Amino acid sequence: MMDIVEDSKKQDKTKKNTFKKQNKMISIPQEDGDDTGVAKTEAENGNTPQEAYFPPTFSVSEIKNKQRRHLMFMKLKQEKRKQKMVLKKKKKKERDALGDKAPPKEVPKTIENQRVYDETTVDPEDEEVAFDEGTDEFSAYFNRLTNPKVLITTSDRPRGRTVRFCGQLATVIPDAHVYYRRGLALKKVIPQCIARGFTYLMVINEDRKVPNGMVLCHLPDGPTAHFKVSSVRLRKEMKRRGKDPTEHTPEVILNNFTTRLGHSIGRLFAALFPHDPQFVGRQVATFHNQRDFIFFRFHRYIFKNEKRVGIQELGPRFTLKLRSLQKGTFDSKFGEYEWVLKRHEMDACRRRFNL
C-alpha cells in the first residue's frame, strides 16, 4: 500500500516539473517587435536557422570530441566563406551601380607593403651607389671585360640527388663545368680555378642525401656568399614541365633586390650569365626575392598568338636564404665578413627585411 502511494507522489512531482517547464518556455517576457521567445522555441523544436548554431561566446575548441570538433570547425569555415562571398558580390554591385563615382579599392595589408623602411635602400640616381658599383669586384664583368666561366663542385662523396642537381644547374648556366672534389680543400681548389680562367666557384653541400647549402665564390677577388638551399625540385619531380632546355643563353630577371646588400647579391647572380641573351631560345632565369627568400625558376616563353604569351617551367627549382657574405675568396677561419645572419636578432620583427 505504501509503495502505491509513493509512486503516485512521484508521478505528481514529474507532472508539476513538466508543467513548470512549459510555463517557463511560454512566459518569456517579450517587448514590442522582440522575437527572442519565438527564436528560443524554434531552437528547442530543432528549426534553427544556420546563423544561430552557436551562442556568441562559443568556441569550437571547447568540444572534446575530435570528430565533432572538426565537423563544427568546417561548418563555421564554410559559413564564413559564404558570408564573405555575399559581401563581395554586394560590393561589386554597388561599384557597378556607381560607375566612375565609385570609391577607389582598398589596398589589402600585407607584410610586404608594411615593410619597415631600411636606410640602405638604393636610389637608382644615387651617385655614391653608381661610383661603388663602378669600382667593385663585378665592375670588370659589367664593363664587358670578362666572360663568366663557372666551376660547379660538391661536398665529399656526393649522393645521386646532389649529383643530378649539379648536372641540371650546368644546363641552366652557360659555360658551366661539373667536377668532383675528391677530398680537396676549397683553399686548394680556388688557385687552380683562377689559373684556368674560372670566374666562379659554386659548391653544393648536402645533408642526409639532400642538397642543403650553396657556397658561391666570385673569382679572383671575391666576394663569397653562403646560402641555405631548400625546396629543391628536380625536373623529373615536376608536373607539366617542358622539354629539356636548349644551349641558348637565357635572359636573367632579378626582382626586389632593393637594399645595398640586395644589390650586391643581385650583381653576384647576374655575373653568372653571359651579357647578351639569345632571345631566340625564349628561356629566362628568374631570381625573385620575397621576405629575404630568393626563389629560383627557369622558364620558357610560349607565344600563343600576337597578344597572348604563356610560360612553361623547365626546372630545376629551389629556394635560397642568405646566411653570410664574406669579403674576398672563401676563408672560414680568417675571412672578413660583410654581413652575417643573426637569426634571433634579425628575425625578431617580421616586417624587417635585409635584401
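See the structure above.
It should be emphasised that the depicted structure is a prediction, and the values quoted were computed from it without experimental measurement. Think of each chain on its own: its residues are numbered from 1, step by step along the sequence as written. For this predicted model, a pLDDT threshold of at least 70 governs which residues receive local features, and a threshold of 80 or more governs which side-chain atom pairs are given and counted, while totals over whole chains, interfaces and linings are taken from all residues. Derived side-chain values reflect all non-hydrogen atoms in the structure, with water molecules and hydrogen atoms excluded from consideration.

Attention now moves to the environment of Ile-173. By definition, any uninterrupted DSSP run of H or I lasting at least four residues is a helix, any uninterrupted run of E lasting at least two residues is a strand, and each is numbered from the N terminus. With respect to the helices and strands, Ile-173 occurs in the loop between helix H6 (160-172) and strand S2 (176-178). Overall, the relative accessible area of 5% leaves Ile-173 in the buried class. The spacing of Ile-173 and Lys-149 is 24 residues in sequence and 9.2 Å in space, taken between C-alpha atoms. In this view, Ile-173 contacts Val-150, Met-202, Leu-272 and Phe-273; residues no more than four positions away in its chain are not counted. The cut-offs for exposure are 20% and 50% of the maximum accessible area for each residue type, with area from a 1.4 Å probe on protein chains only; residues under the lower value are buried, those over the upper are exposed, and the others partly exposed. Contacts between residues were defined by any pair of non-hydrogen atoms, one from each residue, lying within 4.5 Å.

What follows is about the layout of surface pockets. Definitions used for this entry: grid spacing 1 Å over protein atoms alone; cavity, a set of points where a 1.4 Å probe fits but cannot get out; pocket, an open set with protein on both sides within 12 Å along at least 5 of 7 lines; lining residue, one with an atom within 4 Å of a point. Grid points are joined across faces, edges and corners, and a volume is the space filled by probe spheres set on the points. Approximately 530 Å³ is the volume found for the largest pocket. In terms of lining, the largest pocket is formed by 13 residues, of which the most central are Lys-88, Lys-91, Lys-92, Arg-95 and Lys-105. Counted by class, the lining of the largest pocket contains four nonpolar, no polar and nine charged residues. Note that Gly is not counted as nonpolar here; it falls among the polar residues with everything else outside the nonpolar set of Ala, Val, Leu, Ile, Met, Phe, Trp, Tyr, Cys and Pro and the charged set of Asp, Glu, Lys and Arg.

As a further point, take the pairing of strand S4 (residues 210-218). Burial of S4 is extensive: seven of the nine residues sit out of reach of the surface. Bridge count between strand S3 (residues 200-207) and S4: eight bridges; the pairing is antiparallel. Across the sheet, the residue bridging to Asp-207 is Val-210, located in S4. DSSP-based pairing: two strands are paired if at least 2 bridges between them are found. Count of turn residues in the S3/S4 antiparallel hairpin: two residues, of which Arg-208 carries a positive phi of about 55°. When S4 meets strand S5 (residues 224-233), the two strands line up antiparallel, connected through five bridges. Residue pairing in the sheet places Leu-216 in a bridge with Ala-225 of S5. Between S4 and the antiparallel strand that follows it, S5, lie five residues; Gly-222 among them carries a positive phi value of about 90°.

Throughout, nonpolar core names a set of buried Ala, Val, Leu, Ile, Met, Phe, Trp, Tyr and Cys residues whose side chains join them through atoms within 4.5 Å. Counting residues in each nonpolar core, the largest one holds 40 residues, and the members touching the most others are Met-202, Phe-227, Ile-265, Phe-269, Ile-294 and Phe-318. The residues touching Ile-265, leaving out its near neighbours within four places in the chain, are Phe-227, Phe-257, Ile-294, Leu-322, Leu-325 and Leu-355. The next biggest cluster of nonpolar side chains, apart from the first, holds 11 residues, and it includes Val-189, Phe-198, Cys-217 and Leu-219.

For helix H8 (residues 260-270), a buried count of eight out of 11 residues is recorded, marking the element as mostly surrounded by other parts of the structure. Residues Leu-261, Gly-262, Ile-265, Gly-266, Arg-267, Leu-268, Phe-269 and Ala-270 constitute the buried set of H8.

As a further point, take a positive patch on the surface. Residues Lys-84, Lys-88, Lys-92, Arg-95 and Lys-105 make up a contiguous surface patch of positive charge. Relative to the elements of secondary structure, Arg-95 occurs in helix H3 (residues 66-98). When its relative accessible area of 31% is taken as the criterion, Arg-95 is described as partly exposed. Each patch is built from residues that are more than 30% exposed by relative accessible area and take part in no salt bridge. Like charges join if they lie within 9 Å; nonpolar side chains (Val, Leu, Ile, Met, Phe, Trp, Tyr) join within 5 Å. Where accessible areas are quoted, they stem from the Shrake-Rupley method and a 1.4 Å probe; at the residue level, only the protein chains shown are allowed to cover. By convention in these notes, a salt bridge is any Lys or Arg side-chain nitrogen within 4 Å of a carboxyl oxygen on Asp or Glu. In this tally Asp and Glu are treated as negative and Lys and Arg as positive; neither His nor the chain ends contributes. To locate a charge, take NZ of a lysine, CZ of an arginine, CG of an aspartate or CD of a glutamate.

Before going further, it helps to examine the side chain of His-218. Looking at the element boundaries, His-218 is found in strand S4. For His-218, the contacting residues outside a window of four places in its chain are Glu-137, Phe-138, Thr-199, Tyr-200, Pro-223, Leu-268 and Thr-329.

A word on helix H7 (residues 186-195). Looking only at H7, the buried set comprises Leu-186, Val-189, Ile-190 and Cys-193. Down the axis of H7, the buried set is contained in an arc of 105°. They therefore lie on one face. In this structure, H7 carries Lys-188 and Ala-195 as exposed residues pointing more than 90 degrees from its buried face. Buried residues belonging to H7 abut strand S1 (150-154), S3 and S4. Within this analysis, the arc is defined by the directions that extend from the helix axis to the C-beta atoms.

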